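# Close look at the chain arrangement
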Amino acid sequence: LFRSICARIYADVFYILTDYQEDSDIIQLVNDITKKISGLEYGPMLRPCFGISRGEECENSITLLCELAAFAHKYGKGKSLTTWTFYNAAIREDIIEEKQLESEMEFALRSGQFKVFLQPQYVIGTREVVGAEALVRWEHPEKGMVYPSKFIPLFEKNEFILKLDEYVWERVCMLLKRWERLGMKQIPIAVNMSRLHLRSPDLKEKLNYILEKYQIPKSGLELELTENLLFEDLDNAIRILAGLRDEGFTLNMDDFGSGYSSLNMLRNIPIDVLKIDRNFFDEKILTPRGKIIVKYVVSMAKELNMRIVAEGVETAAQESFLKEIGCDVAQGYYFSRPISIEEFEKKF
């Protein structure tokens, strides 16, 4: 028998302090708790999530045990297929790195460490460049190039993404104005818009201010949202996006096909450009039935007056299939990786 004590700390947060011999003892305990909770006839489905720290890692300090378990819980929530996460050295390193990035982000923004890269969009067949997607990189003075997967999730959590997105919007408008002044070809550039912007009451005002500041037409700046973002509050998203579209903004849905895409979404969401995800047309996993579905999604989107862009194209076979089913525009490493503005201007 193991000695245990359990306490509710606040809201839906509980701590269990227990003896154990092996990690398997703790896993068995949390699995038993999960099973009992899932069997409750309560109404809403409850799914517990556990962060676990071990006594030997904490010099038997109860306070530290609780803190590290909380770190493991926060780290593992939504990332793991299991309901439990053990605190370990990798989590510790990630937390230290997150804290460092967080302490430096404001200065990095002020000092221009965030750089806009462009990934061109090509007409399939002719290879004419008809657009680009703006992607942000962090040129850290010590770490070198830091890619979005390292800092975007953190910035979403601490809401710094609002400042970063607006910084990118302004840099893109400055670039478009420069191209106009130099008589260079004008192409639309897609910029990302965080889910947090959909909660911002002055979103339209911010966008209009930046566009008017640089005298850029609304057609020059395409607003890109991920498919999963829209599921959080669909009715509110539809209302806000419809307002932006009425103002003349072009709206892109990114990563279509990566989540739980539905025909209802295509019917209800006011979008102009549908960007289909690589997994939708990857020849390694695409079945004959899958090919038929992709073909008719492209056809249906065109009937709805949406432009189609295939993203993440990596092979000639993918390009050939996309051309065959009537997809007009593509981007991906097969054509070009995201490149600096200077390289983009020299190349195109």
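Residues numbered from 1 in each chain as written. Predicted model: local features only at pLDDT ≥ 70, side-chain atom pairs only at ≥ 80, totals over all residues. Heavy atoms only, no water.

### Thoughts on the nonpolar core
Put simply, the rule reads: Only buried residues count toward a nonpolar core, which is a set of Ala, Val, Leu, Ile, Met, Phe, Trp, Tyr and Cys residues joined through side-chain atoms within 4.5 Å. Relative accessible area decides the class of each residue, using a 1.4 Å probe on protein chains only: under 20% of the type maximum gives buried, over 50% gives exposed, and in between gives partly exposed. Only DSSP runs of H or I covering at least 4 residues are called helices, and only runs of E covering at least 2 are called strands; the numbering of each starts at the N terminus. The contact rule is simple, with two residues in contact once any of their heavy atoms fall within 4.5 Å.
Grouped together as the largest cluster of nonpolar side chains are 78 residues, with contacts concentrated most on Phe114, Leu118, Phe155, Leu244, Leu274 and Ile276. Among the elements that take part in this core, helix H5 (residues 161-181) stands out by supplying ten residues, more than any other. Discounting chain neighbours no more than four positions away, the residues touching Leu244 are Met193, Leu203, Lys204, Leu207, Leu223, Phe249 and Leu251. One finds Cys58, Leu65, Leu68 and Tyr87 within the second-largest nonpolar core, a separate group that totals seven residues.

### So, the packing of H5 against helix H6 (residues 203-214)
What counts here: Axis lines are fitted through C-alpha atoms, for helices just across the contact stretch, and the angle between N-to-C directions can take any value from 0 to 180 degrees. Each angle gets one of four labels, with under 35 degrees taken as roughly parallel, over 145 as roughly antiparallel, 65 to 115 as roughly perpendicular, and the rest as oblique. Crossings are classed by handedness, with left-handed meaning an anticlockwise turn of the near helix from the far one by less than a right angle and right-handed meaning a clockwise turn. In this classification, the charged set is Asp, Glu, Lys and Arg, the nonpolar set is Ala, Val, Leu, Ile, Met, Phe, Trp, Tyr, Cys and Pro, and all remaining amino acids, among them Gly, are polar.
With their axes 9 Å apart at the nearest point, H5 and H6 run at an angle of 25 degrees to one another. Accordingly, the angle class assigned to the pair H5 and H6 is roughly parallel. Every pair of crossing elements has a handedness; the one defined by H5 and H6 is right-handed. Between H5 and H6, the residues in contact are Glu166, Trp169, Glu170, Cys173, Met174 and Lys177 and Leu203, Lys206, Leu207, Ile210, Leu211, Lys213 and Tyr214, respectively. Among the residues making up the contact of H5 with H6, the classes are represented as eight nonpolar, no polar and five charged.

### With respect to the packing of aromatic side chains
The geometry of an aromatic ring pair is captured by the separation of the ring centres together with the interplanar angle, meaning the angle of the planes. Stated formally: Aromatic rings from Phe, Tyr and Trp, taking only the six-membered ring of Trp, are treated as a pair when their centres fall within 6.5 Å; an angle between ring planes under 30 degrees marks them as stacked, one over 60 as edge-to-face, and anything in between as tilted. Think of it as a cone above the ring: NZ of Lys or CZ of Arg counts as a charge over the ring if it is within 6 Å of the ring centre and within 35 degrees of the ring normal.
Following the criterion strictly, the structure yields 13 aromatic pairs and no others. Ring centres of Tyr122 and Phe335 lie 5.2 Å apart, and the angle between their planes is 25 degrees; this geometry places the pair in the stacked category. Taken together, the residues span a long stretch of sequence, with Tyr122 in strand E5 (residues 114-123) and Phe335 in the loop between strand E13 (329-330) and strand E14 (339-340) at a distance of 213 residues. Phe335 matches Tyr122 in its accessibility class, with the two residues each being buried. Between Phe155 and Phe160, the aromatic rings sit 5.0 Å apart at their centres with planes inclined by 75 degrees, giving edge-to-face as the arrangement. Classification of Phe155 by relative accessible area gives buried; the value is 0%. Cluster of aromatic residues (ring-pair linked, three or more members): Tyr122, Trp179, Tyr334, Phe335, Phe344 and Phe348. Sitting above the plane of the Phe117 ring, Arg137 keeps its charged end 5.8 Å from the centroid.

### Some points on the environment of Val136
Following the sequence through the fold, Val136 ends up in strand E6 (residues 129-140). For Val136 and Leu251, which are 115 residues apart along the polypeptide, the C-alpha to C-alpha distance reads 19 Å.

### Let's talk about helix H8 (residues 234-246)
As a reminder, the rule being used: Take the residue count of a helix, subtract one, and multiply by 1.5 Å to get its expected span. Along the arc lie the directions from the helix axis toward the C-beta atoms.
Between the first and last C-alpha of H8 there are 18 Å, a value that for 13 residues agrees with the 18 Å anticipated at 1.5 Å per step. If you check which residues of H8 are buried, you get Asn236, Ala237, Ile240, Leu241, Gly243 and Leu244. In an axial view of H8, the angular spread of the buried residues amounts to 155 degrees, which keeps them on one side of the axis. Projecting away from the buried face of H8 at angles above 90 degrees are the exposed residues Asp235, Arg239 and Asp246. Once H8 finishes, Gly248 follows within two positions and takes phi at roughly 105 degrees, a positive value.

### A few points about the pairing of E6
On any regular strand, side chains alternate: one points to one face of the sheet, the next to the other face. The criterion, for reference: Criterion used throughout: strands pair if DSSP finds at least two bridges between them.
Most of E6 is tucked away, with ten of its twelve residues classed as buried. In this structure, E6 lies alongside strand E7 (residues 144-146), joined through three bridges in antiparallel fashion. In the strand pairing of E7, His140 is matched with Gly144. Linking E6 back to E7 in an antiparallel pair, the connection comprises three residues.

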